[in-house]
Amino acid sequence: MTQRNGASRTELVDKDPGIPNGWYAVAWSKELDPGEVKRVHCFGHELVLFRSRSGGAKVLSAYCPHLGIHMGEGGRVMGETVRCPQHGWQFNGDSGECTDIPYCDEIPKRACVRSWDVVERNLMIFVWHHAEENPPEWEVPTVSQLEDPEWCEPRTFDLEVPVHMQDMAENNMDPVHFRYVHSATDVPETEFEIADDGRFLKAVSYFEQMTPDGPIRVPLVRDTWCLGMSSVESTGIPGAGLFMFSSTTPIDNQNTISRWLLFATRNTIDTAGEEWFEGITKGVMDDWQVWTNKIHIESPVFCKADTPLIEFRKWARQFYSKPA
Ligand code: FES
Ligand SMILES: [Fe+2]
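All values reported here derive from a predicted model rather than from experimental measurement. (Residues numbered from 1 in each chain as written. Chains lettered and ligands numbered in written order. Predicted model: local features only at pLDDT ≥ 70, side-chain atom pairs only at ≥ 80, totals over all residues.)

Focus on the overall build of the chain
- A count of helical and extended segments in the chain gives six helices and 19 strands.
- Relative to the globule expectation of 20 Å for 324 residues, the C-alpha radius of gyration of the chain, 22 Å, shows essentially globular dimensions.
- For the C-alpha atoms alone, the extent of the chain along its principal axes is close to 80 × 50 × 40 Å.
- Within the chain, the fraction of its 324 residues that count as buried is 32%. (Helix = DSSP H or I, 4+ residues; strand = E, 2+ residues; numbered from the N terminus. Rg over C-alpha atoms; globule rule 2.2 N^0.38 Å. Buried ≥ 20, exposed ≤ 12 C-beta atoms within 10 Å, placed from the backbone.)

The structure is reproduced here in structure tokens:
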């Protein structure tokens, strides 16, 4: 546990905010070949992730109900099931039911593990987490840039941060930090919009940029689907399109992993090269430096001008099963 001024991070968190409900990426699609089994720890749960022989990604709770063996360590894919390494019981990847006990012809009724809803999209494998085990309430959006010839092949990167995932999402409603963390010349004028039954949040900040033809107003559009999924788009500079998509996954209530897809329009890559991406990831790393050293404060001291942050905190509450 990291120590800060003699206190642990746990002691410094003034209230456990819990883990919000939603779709979260647990792996990149390319990390899982047919027949491959992986151990995953997400949303405070131990999971076994595997790709069945027919190609589907499956996620089950990891501990075998027989004697509690972790099936993500040494489990084997058998058709559409995963086989426990200890005595060979097989569990169906969709239902979680035990389908075979190789040395017994009767399967106990309780021989079942929890199965998790999985969607593979945007080069990632997403799992639906709901604290009360409710079924999925919304769809994972599709990143259209993946199919659009105007945009380059995406670059990808992962970021592990010892922070509560809500604090990363909060950045999208924090226009003031652009001035201090990202060295913007001023606090950008920002508009906010909430849609889709309140689950979707859009923030647009306007930055003034100098061009040979004089200053232009460049919008930075940030979309957020619930708390764990967001995109950032800038198309305001002619010939320099930028699009980022990320899934931010709670490992537990103090640790987060986010996976990023980074796109630029092909003409941008032609003129600016790979350095273009380096500049963008540097911006994310400036945030990382801040996130990695902060704590979550449940009752922050807000000032009168912090309206967007206050609104964000109210909006975020809906994604928790129990009031934080
Ligand atoms: S512990 Fe899994 S089959 Fe026995
Ligand atoms: Fe930022």
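Picking up where we left off.
Brief notes about the confidence of the model for the chain
- Averaged over every residue, the pLDDT of the chain is 91; residues scoring 70 or more account for 95%.
- Across residues 1-7, confidence stays below pLDDT 50; counting only partners more than four residues off in sequence or on other chains, it has nine contacts. (pLDDT = per-residue confidence, 0-100. Contact = placed C-beta atoms within 7 Å.)

Examining the nonpolar core
- Counting residues in each nonpolar core, the largest one holds 48 residues, and the members touching the most others are V26 and V48.
- Breaking this core down by element, the ones donating at least two residues are strand 3 (22-28), strand 4 (37-42), strand 5 (45-51), strand 6 (57-61), strand 12 (124-129), helix 2 (165-170), strand 15 (200-211) and helix 6 (307-316).
- Mapped onto the domain boundaries, this core takes at least three residues apiece from domain 1 (22-129) and domain 2 (144-319).
- Once you skip the residues sitting within four places of it in the chain, V26 turns out to touch V40, C42, L49, V59, I125, V127 and T249.
- If you look at the next biggest cluster of nonpolar residues, it comprises 14 residues, including C152, F245, L261 and L262. (Core = buried A, V, L, I, M, F, W, Y, C linked by C-beta atoms within 7 Å. Domains from an automatic or database assignment.)

A short note on the pairing of strand 17 (residues 229-234)
- Strand 17 sits mainly inside the fold: five of its six residues count as buried.
- Both strand 16 (residues 214-225) and strand 17 contribute to a ladder of five bridges, which runs antiparallel. Across the sheet, the residue bridging to T224 is S230, located in strand 17.
- With antiparallel pairing between neighbouring strands as the criterion, strand 16 and strand 17 make up a hairpin whose turn holds three residues, including C226 at a positive phi of roughly 55 degrees.
- Bridging between strand 17 and strand 18 (residues 242-252) involves six bridges; their strand directions are antiparallel. Each bridged residue has a counterpart across the sheet, and for S234 the counterpart in strand 18 is L242. (Pairing = 2+ DSSP bridges.)

Some details on unusual backbone geometry
- Here the phi dihedral of E133 falls at roughly 65 degrees; this positive angle occurs in a residue that is not glycine.
- Here E133 shows up in the loop between strand 12 and strand 13 (155-161).
- Even without being a glycine, C226 presents a positive backbone phi close to 55 degrees.
- The residue C226 is located in the loop between strand 16 and strand 17 in this model.
- Take C226: there are 23 C-beta atoms within 10 Å of it, and that puts it in the buried class.

Regarding the sheet that holds strand 3
- Reading across from one edge, 3-12-11 is the order of the three strands in this open sheet, with antiparallel pairing throughout. The open sheet terminates on both sides in strands that have one partner only, identified here as strand 3 and strand 11 (118-121). Pairs of neighbouring strands in the sheet enclose a mean axial angle of 30 degrees, with direction left out of account.
- As judged from the six bridges shared by strand 3 and strand 12, these two strands associate in the antiparallel manner. (Axes fitted to C-alpha atoms, helices over the stretch in contact; angles between N-to-C directions.)

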